[in-house]
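Residue-level structure breakdown
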Amino acid sequence: MPVTAASLERAALDSAVREIAAEMADRPDRGTVASYIPELAEVDPGRFALVVIDADGHVAAGGDSEAPFSIQSISKVFTLTLALGMAGDRLWAKVGREPSGSPFNSIVQLENEKGIPRNPFINAGAIAVTDLILARRQPREALGEILRFLQFLSDDTSIVIDAAVAASEQRTGFRNAALANYMRSFGVLENPVDFTLGVYFHHCAIAMSCRQLAQAGRFLAHLGANPATGMRVVSPERARRINAIMLTCGHYDGSGEFAYRVGLPGKSGVGGGILAVAPGKASVAVWSPGLDAAGNSHLGRIALEKLTRRMGWSIFGT
Ligand code: DON
């Protein structure tokens, strides 16, 4: 095979992913697995996976790349995409788009801002987005639409909701219930609070592998369309804007640190996953269940920092 710039870049990517996954498997500092959703506390902190899908569709995978995990707040990227498709800019009357600088489940910020959540990725904002998707339908219909959207993006109909995780969160989600009821009192939520919360808890409980997640994120890395099929998901402008919100809000009060160290739009979940987007280059998914103080994957962030450095992928320069 002739040696081209593309084949050299691909070889560099393969060895970066292989070496980073090997290094992460051995690190003793793994963060703390989320325990406020009891089912998530059962996950082994020793797991790790990293998958990168480049613009040509080449997959570089390391670790437990096919193991499904709870995507949790990463689902908020896809619900935002769906809700923008349904409501367009009407969505921004209900949710802001500024970084919160506060924990993902902050109550005090919502009160200060009269029930309008700071952005669509904190819990309150994502619950408001879910309420828009619900749009007076039965929860089952809205949930089916969200799940089918993820199956379509990943080109994989085997993706399911982990019913045990959803039930675990439903039993213990008192803080989310407080946020939702508070927003309902301002008319920000329009559906019965139990319906909206039910859909929210279930979309957070969708289980996906890093390979499926990296596949689902490809449209964000490639101007709103899947480069393999040319199939358009959103306009280039909308993809750019979703990426902007991921960069500024995707890691809550850890968003500045993530931009500083990794330099890519990214969205974390308390299951320990992160979806990151290298515009024009690749879609990246990483999973390590132990979290840092802000509720973001500890080793996931470190792995992404190493990857972007080695590949020169930070959007702020090498
Ligand atoms: O609502 C919750 O608390 C969870 N279903 C999602 C939180 C989450 O993933 C925060 N991200 N790091």
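Refer to the preceding data block for the structure.
Now for a look at the structure at hand. By convention here, each chain's residues receive numbers from 1 onward along its written sequence. Where local features are concerned, this predicted model is filtered to residues with pLDDT of at least 70; where side-chain atom pairs are given and counted, the filter is 80 or more; whole-chain, interface and lining totals use all residues. Values reported for side chains reflect all heavy atoms of the structure, with hydrogen atoms and water molecules removed beforehand.

Once that is clear, we can look at the site of the ligand. In this text, near means that some heavy atom of the residue lies within 4 Å of the molecule or strand in question. Of all residues adjacent to the ligand, which total 14 residues, the nearest are Tyr36, Gln72, Ser73, Glu169 and Tyr200. Between the ligand and Asn176, the relevant distance is 2.8 Å, taken from an oxygen atom to a side-chain nitrogen or oxygen of the residue. In the complex, the protein chains occlude 100% of the 340 Å² of accessible area that the ligand would expose alone. By convention here, the domain bounds are inherited from an automatic or database domain assignment. Counting the residues that make up the shell around the ligand, at least three belong to each of domain 1 (5–70 + 208–311) and domain 2 (73–206). Identification of polar contacts relies on pairs of N or O atoms within 3.5 Å, with a donor-acceptor requirement for protein atoms, meaning one able to donate a hydrogen and the other able to accept it, and with residues adjacent in sequence counted only if both atoms are side-chain atoms. Computed with the Shrake-Rupley method and a 1.4 Å probe, the accessible areas treat only the protein chains shown as cover for residues.

Note on conventions: DSSP H or I runs of at least 4 residues are helices, E runs of at least 2 residues are strands, and numbering of each starts at the N terminus. Note that Asn226 resides in the loop between helix 10 (218–221) and helix 11 (236–249). Here the term buried applies to any residue with accessible area under 20% of the maximum for its type, exposed to any over 50%, and partly exposed to those in between, with areas from a 1.4 Å probe on protein chains only. Accessibility expressed as a relative area gives 15% for Asn226, which makes it buried. Residue contacts are counted whenever heavy atoms from the two residues lie within 4.5 Å of one another. Aside from chain neighbours lying at most four places away, what touches Asn226 is Gln215, Arg218, Phe219 and Met231.

Here we come to the sheet that holds strand 3 (residues 59–63). On the basis of which strands lie adjacent, the open sheet formed by five strands has the order 3-2-9-8-7 and antiparallel pairing. Strands with a single pairing partner mark the edges of an open sheet, and in this sheet they are strand 3 and strand 7 (266–268). Taken over all neighbouring pairs, the strand axes of this sheet differ in orientation by 10° on average, direction set aside. A pair of strands is considered paired only if DSSP assigns at least 2 bridges between the two. Pairing of strand 7 with strand 8 (residues 273–278), which is carried by three bridges, proceeds in the antiparallel orientation. Across the sheet, residue Lys267 finds its bridge partner in strand 8, namely Leu275. Inter-axis angles, ranging from 0 to 180 degrees, are taken between N-to-C directions of lines fitted to C-alpha atoms, where helices are fitted over the stretch in contact. Packing of helix 1 (residues 5–26) onto the sheet brings it into contact with strand 2 (49–54) and strand 3, and relative to strand 3 it is tilted by some 15°.

On to the sheet that holds strand 4 (residues 69–70), then. Read from one edge of the open sheet, three strands run 4-6-5, paired in antiparallel fashion. Each edge of the open sheet is held by one strand with a lone partner, namely strand 4 and strand 5 (160–161). In this structure, strand 4 lies alongside strand 6 (residues 206–208), joined through two bridges in antiparallel fashion. Of the residues in strand 6, the one forming a bridge with Ser70 is Ala207.

Another point: the environment of Ile315. By the secondary structure assignment, Ile315 is in the segment after helix 13 (298–311). A relative accessible area of 41% places Ile315 in the partly exposed class. Expressed as a C-alpha distance, the spacing of Ile315 and Glu19, which sit 296 residues apart in the sequence, is 23 Å. When sequence neighbours within four positions are dropped, the list of residues in contact with Ile315 reads Leu247, Gly263, Leu264, Pro265 and Pro279.

Before going further, it helps to examine the packing of helix 4 (residues 123–134) against helix 8 (residues 193–204). At a minimum axis separation of 9 Å, helix 4 and helix 8 run at an interaxial angle of 110°. With respect to each other, helix 4 and helix 8 are oriented roughly perpendicular. For the pair helix 4 and helix 8, the crossing hand works out as right-handed. Residues Asn123, Ala126, Ile127, Thr130, Asp131 and Leu134 of helix 4 lie in contact with helix 8, whose contacting residues are Phe195, Thr196, Leu197, Val199, Tyr200 and His203. In the contact of helix 4 with helix 8, the residues fall into seven nonpolar, four polar and one charged. Roughly parallel here means an angle under 35 degrees, roughly antiparallel means over 145, roughly perpendicular means 65 to 115, and every remaining angle is called oblique. Handedness of a crossing is defined here by the sense of rotation of the near helix relative to the far one, left-handed for an anticlockwise turn of less than a right angle and right-handed for a clockwise turn. Residues were grouped as follows: Ala, Val, Leu, Ile, Met, Phe, Trp, Tyr, Cys and Pro as nonpolar; Asp, Glu, Lys and Arg as charged; and all remaining residues, including Gly, as polar.

With that settled, the discussion passes to unusual backbone geometry. With a phi angle near 55°, Lys114 is a residue other than glycine that sits in the positive phi range. Looking at the element boundaries, Lys114 is found in the loop between helix 3 (108–112) and helix 4.

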